[in-house]
Amino acid sequence: MLSEALGILRDNWRLARPWPFLFPGRPAHTPIEPSVLHAACRSATAAAGVDKHVSVHVLRHSSRHIF
């Protein structure tokens, strides 16, 4: 699943070249708010039907295994 997300992120980077942040906030010249990122993580966890504890921090440590 994470490898699919990596492909999506790479495609987005090639098409949009977001700058200065990969995930811009509002306004676009600021980074995304941590609360928005955590809410997206909770939503994705629920949608995937994952019953284990998942957090942005857990994903950060999991991502090194897919590169």
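Look up: the structure comes first, before these words.
Before going into details, it helps to say that this report is about the structure given with it. As the structure is a computational prediction, the values presented were derived from the model and not from experiment. (Residues numbered from 1 in each chain as written. Predicted model: local features only at pLDDT ≥ 70, side-chain atom pairs only at ≥ 80, totals over all residues. Heavy atoms only, no water.)

### Focus on the overall build of the protein
Summing up its helical and strand segments, the protein has three helices and zero strands in all. Starting at the N terminus and walking to the C terminus, you meet the elements of the protein as α-α-α. Taking all 67 residues of the protein together, 9% fall into the buried category. Sequence separation of 24 or more characterises 24% of the internal contacts of the protein that already satisfy a separation of 6 or more. Surface exposure of the protein reaches about 5,800 Å², of which carbon and sulfur atoms provide 63%. (Helix = DSSP H or I, 4+ residues; strand = E, 2+ residues; numbered from the N terminus. Buried < 20%, exposed > 50% of the residue type's maximum accessible area, 1.4 Å probe, protein only. Contact = heavy atoms within 4.5 Å. Areas by Shrake-Rupley, 256 points an atom, 1.4 Å probe, with all protein chains shown as cover.)

### Points about helix α2 (residues 34-48)
For α2, spanning 15 residues, the distance from its first C-alpha to its last is 21 Å, which sits close to the expected 21 Å at 1.5 Å a residue. Residue Gly49 follows α2 closely and has a positive phi angle near 70°. (Expected span 1.5 Å × (residues − 1).)

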